[in-house]
Number of protein chains: 2
Amino acid sequence: MASTGLPPALARLVRDLCMLPGIGEKSATRLALHILRWPRAKATELAESIASLHEAIGICSECYTFSEQDPCPICNDQKRDRSVLCVVEEPGDVIAIEKAGCFRGLYHVLQGVLAPADGIGPDELKIAELVRRVQGRKIQEIIIATSSTAQGEATAAYLTEILRPLDLQITRIACGIPMGMDLKYADAQTLKRALESRTTY
Amino acid sequence: MASTGLPPALARLVRDLCMLPGIGEKSATRLALHILRWPRAKATELAESIASLHEAIGICSECYTFSEQDPCPICNDQKRDRSVLCVVEEPGDVIAIEKAGCFRGLYHVLQGVLAPADGIGPDELKIAELVRRVQGRKIQEIIIATSSTAQGEATAAYLTEILRPLDLQITRIACGIPMGMDLKYADAQTLKRALESRTTY
């Protein structure tokens, strides 16, 4: 157990930190000891940042990403291209694409992927909302940018079927060798996709 | 910057998490998004664990480790061997040794290592306190368990000199190949030490 020999308050923090993804008991102990060495004000600041998170942040009623305003700054930005909608799984994907700075359209966050085994069907995702959003608007293209995992691919296939009756272009982000990656380290599935999706040079 | 496109409350938490060791902007964003997906009560609990840490935990006036009581449970444990003192750099070292469950003596936490370049001399560490603690007690052995880094070694050498006039056994924890480690991955310094410190089989 994490708490062996630890002062209770430290053991409690270690236990709580262990609930974060990718943080095991060893890292949690290291982080907790580090926080203990901080000036108290710095620890209080971190605690407040965590405590105020849920209060400050809600979900945009247009695109369903995390936001402090509704609609979110992206949906509200009149300079963005309203004819292209990029469909992603989670708010973290919006953040990643925005950071890359390569997309000027709008987003639609599904809030997950289809995962029948976990009881997540189309009704659990923002799919009806997507269809409603597309209908009667001047959207010309939908880029399906779900992950290239089995579930992400299945979700993309399902979306394509649902959206096909609507008169618009449906595209899928490309799969292939990541930039800067040595070809020999790519897995077989990625290599297969990269070869299939080869472009003329 | 971490905050590109992030809602301010999320950006603030990412910035605060980045101050933790080994957590870069990418991990911080991932952790913050994960906390946001938690039920609010769980986030509040983590925040409280962090906020209450400094209040709950002080420093043992005997051995200088982190503790909620003074003296700490280890110094207070009458079943421990009071004739052996294990000198370590930080409270985290006490936790690691206690977890290994292989030592039944008492500890002395130096609260750092000698680092003249950073202005940390003997007076900044609990060295005078160590000497005072040893004098007039029935301590028979001092195990110097500072790290096998350059600074840890220098601190060990300094302590040996300071403690030599007192009539007790001074030992140093062994350096060598870590258990379970493939020899070919050990660095040259470790191999050198492991060979020098070889024991008869």
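Our structure is the block above this text.
Here's a quick rundown of the structure. (Residues numbered from 1 in each chain as written. Chains lettered and ligands numbered in written order. Predicted model: local features only at pLDDT ≥ 70, side-chain atom pairs only at ≥ 80, totals over all residues. Heavy atoms only, no water.)

It is worth spelling out the interface of chain A and chain B at this point. By a frequent convention, interface size equals the accessible area lost on bringing the separate parts together. Listed as interface residues are 50 residues of chain A and, on the opposing side, 50 residues of chain B. Both faces considered, chain A and chain B share a buried interface measuring about 5100 Å² in area, 70% of it formed by carbon and sulfur atoms. Put simply, chain A and chain B have ten salt bridges between them. With a closest N to O distance of 2.4 Å, Glu 25 of chain B and Lys 99 of chain A form a salt bridge. For the pair chain A and chain B, the interface holds 20 residue pairs in polar contact (both at pLDDT 80 or more). When residues of the side of chain A that touches chain B are traced back to their parent elements, those giving at least two are α1 (8-17), α2 (25-37), α3 (40-56), β2 (66-67) and α5 (91-100) of chain A. Sorting elements by how many residues they give to the side of chain A that touches chain B places α3 of chain A first, with 15 residues. The class makeup of the residues in the side of chain A that touches chain B is 29 nonpolar, seven polar and 14 charged. (Contact = heavy atoms within 4.5 Å. Buried area = accessible area lost by both parts, 1.4 Å probe. Salt bridge = Lys/Arg side-chain N within 4 Å of Asp/Glu carboxyl O. Polar contact = N/O pair within 3.5 Å; in protein donor to acceptor, adjacent residues only side chain to side chain. Helix = DSSP H or I, 4+ residues; strand = E, 2+ residues; numbered from the N terminus. Nonpolar A, V, L, I, M, F, W, Y, C, P; charged D, E, K, R; others polar.)

Residues and elements named next belong to chain A. With parallel pairing, the four strands of this open sheet are ordered in space as β4-β3-β5-β6. Two strands close off the open sheet at either side, each with one partner strand: β4 (106-109) and β6 (169-172). Direction aside, neighbouring strands of the sheet carry axes that sit 25 degrees apart on average. Lying over the sheet, α5 contacts β3 (84-88) and β4, oriented at roughly 155 degrees with respect to β4. Here helix α6 (residues 127-134) sits on the sheet in contact with β3, β4 and β5 (141-144), set at roughly 150 degrees to β4. (Pairing = 2+ DSSP bridges. Axes fitted to C-alpha atoms, helices over the stretch in contact; angles between N-to-C directions.)

This part is about the packing of α3 of chain A against helix α2 (residues 25-37) of chain B. It is the contact of α3 of chain A with α2 of chain B, at a shortest axis distance of 9 Å, that shows an interaxial angle of 55 degrees. Our classification of the angle between α3 of chain A and α2 of chain B gives oblique. As α3 of chain A runs across α2 of chain B, the sense of the crossing is right-handed. In this structure, α3 of chain A contributes Ile 50, Leu 53 and His 54 of chain A to the contact, and α2 of chain B contributes Ala 32, Ile 35 and Leu 36 of chain B. For the contact of α3 of chain A with α2 of chain B, the class distribution of residues is five nonpolar, one polar and no charged. (Parallel < 35°, antiparallel > 145°, perpendicular 65-115°, else oblique. Left-handed = near helix turned anticlockwise from the far one by under 90°.)

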